Amino acid sequence: GKSFHIFQASPPGTASVVVTNWLMGLFEPDQHYSFMVNQKGRPIRHRGEEVPADTTIVTQTHYLDLMKIYKRFHNDFDEVFFVVSSRGDSEEMRINPSVEVPAD
């Protein structure tokens, strides 16, 4: 089968852990999700340890440069997906409008 990875990317304070837990429940219900830290090198941590991205299917992050994430990981998986959430009208709670799908 094809390998894939899902990055759940949302600004801090958007209650995105609910989305991450939902994704984990679908794909790896007995596993804890990984988190890409928003600091130099963007390490991925799982249960306090630095790990490779393929440790889990879902990685949560507050780092919102999706193209940089894609360029870093697209050779490691057959498919790289993003689930992005925003909340409210505050600029701090929203992602770059250029990657958002307009509401109908």
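Residues numbered from 1 in each chain as written. Predicted model: local features only at pLDDT ≥ 70, side-chain atom pairs only at ≥ 80, totals over all residues. Heavy atoms only, no water.

Asker: Quick rundown of the side chain of His5? Include the residues and the values.
Answerer: Within the secondary structure, His5 is located in strand E1 (residues 4-9). Residue His5 is classed as buried on the basis of its relative accessible area of 0%. Here the side chain of His5 touches Thr56 through a polar contact of 3.1 Å, landing on its backbone oxygen. Engagement of the side chain of His5 in a polar contact is seen with the backbone oxygen of Ile57, the distance being 3.1 Å. For His5, the contacting residues outside a window of four places in its chain are Ala53, Thr56, Ile57, Val58, Thr59, Phe77, Glu79, Val80 and Phe81. (Helix = DSSP H or I, 4+ residues; strand = E, 2+ residues; numbered from the N terminus. Buried < 20%, exposed > 50% of the residue type's maximum accessible area, 1.4 Å probe, protein only. Polar contact = N/O pair within 3.5 Å; in protein donor to acceptor, adjacent residues only side chain to side chain. Contact = heavy atoms within 4.5 Å.)

Asker: Residues and numbers for the nonpolar core, please.
Answerer: Counting residues in hydrophobic clusters, the biggest one holds 11 residues: Phe7, Ala9, Met36, Ile44, Ala53, Tyr63, Leu66, Ile69, Phe73, Phe77 and Val80. Counting residues per element, the ones that place at least two in this core are E1 and helix H2 (66-73). It is H2 that provides the largest number of residues to this core, a total of 3 residues. Filtering out sequence-adjacent residues up to four positions away, Ala9 remains in contact with Thr61, Tyr63, Leu64, Leu66, Val83, Val84 and Ser85. Within the second largest apolar cluster, 5 residues are counted, among which are Ile6, Leu23, Ile57 and Val58. (Core = buried A, V, L, I, M, F, W, Y, C linked by side-chain atoms within 4.5 Å.)

Asker: Residue-level account of the packing of aromatic side chains, with values.
Answerer: Tallied over the full model, the rule gives 4 aromatic pairs. Between Phe4 and Phe81, the ring centres sit 6.2 Å apart and the planes meet at 70°, which makes this aromatic pair edge-to-face. One end of the pair, Phe4, is in strand E1; the other, Phe81, is in strand E6 (residues 79-84), with 77 residues separating them in the sequence. Take Phe81: its relative accessible area is 40%, and that puts it in the partly exposed class. Between Phe7 and Phe73, the ring centres sit 5.1 Å apart and the planes meet at 40°, which makes this aromatic pair tilted. Note that Phe7 is positioned in strand E1 and Phe73 in helix H2, a separation of 66 residues in sequence. Phe73 matches Phe7 in its accessibility class, with the two residues each being buried. Following the ring pairs from residue to residue traces out a cluster consisting of Phe4, Phe27 and Phe81. The ring of Tyr63 is capped by Arg42, whose NZ or CZ atom sits 3.6 Å from the centre of that ring. (Phe/Tyr/Trp six-rings, centres within 6.5 Å; stacked < 30°, edge-to-face > 60°. Lys NZ or Arg CZ within 6 Å of the ring centre and 35° of its normal.)

Asker: Help me get a handle on the pairing of strand E5 (residues 58-61), residues and values and all.
Answerer: Taking every second residue as pointing to the same face, both faces of E5 are buried, with Val58 and Gln60 on one and Thr59 and Thr61 on the other. Here 4 bridges tie E1 to E5, and the two strands are oriented parallel to one another. Following the sheet pairing, Phe7 is matched in E5 by Thr59. Sheet analysis places strand E2 (residues 34-36) next to E5, joined by 3 bridges and oriented parallel. (Pairing = 2+ DSSP bridges.)

Asker: Please set out the sheet that holds E6 residue by residue, giving values where relevant.
Answerer: Reading across the sheet, the 6 strands line up as E4-E3-E2-E5-E1-E6 and stay open at both edges, with mixed pairing between neighbours. Only two strands of the sheet have a single neighbouring strand rather than two, namely strand E4 (49-50) and E6. When E2 meets strand E3 (residues 44-46), the two strands line up antiparallel, connected through 2 bridges. Each bridged residue has a counterpart across the sheet, and for Met36 the counterpart in E3 is Ile44. Sitting on the sheet, helix H1 (residues 17-27) is in contact with E1, E5 and E6, with an inclination near 160° to E1. (Axes fitted to C-alpha atoms, helices over the stretch in contact; angles between N-to-C directions.)

What is shown is where atoms sit, not what they do.
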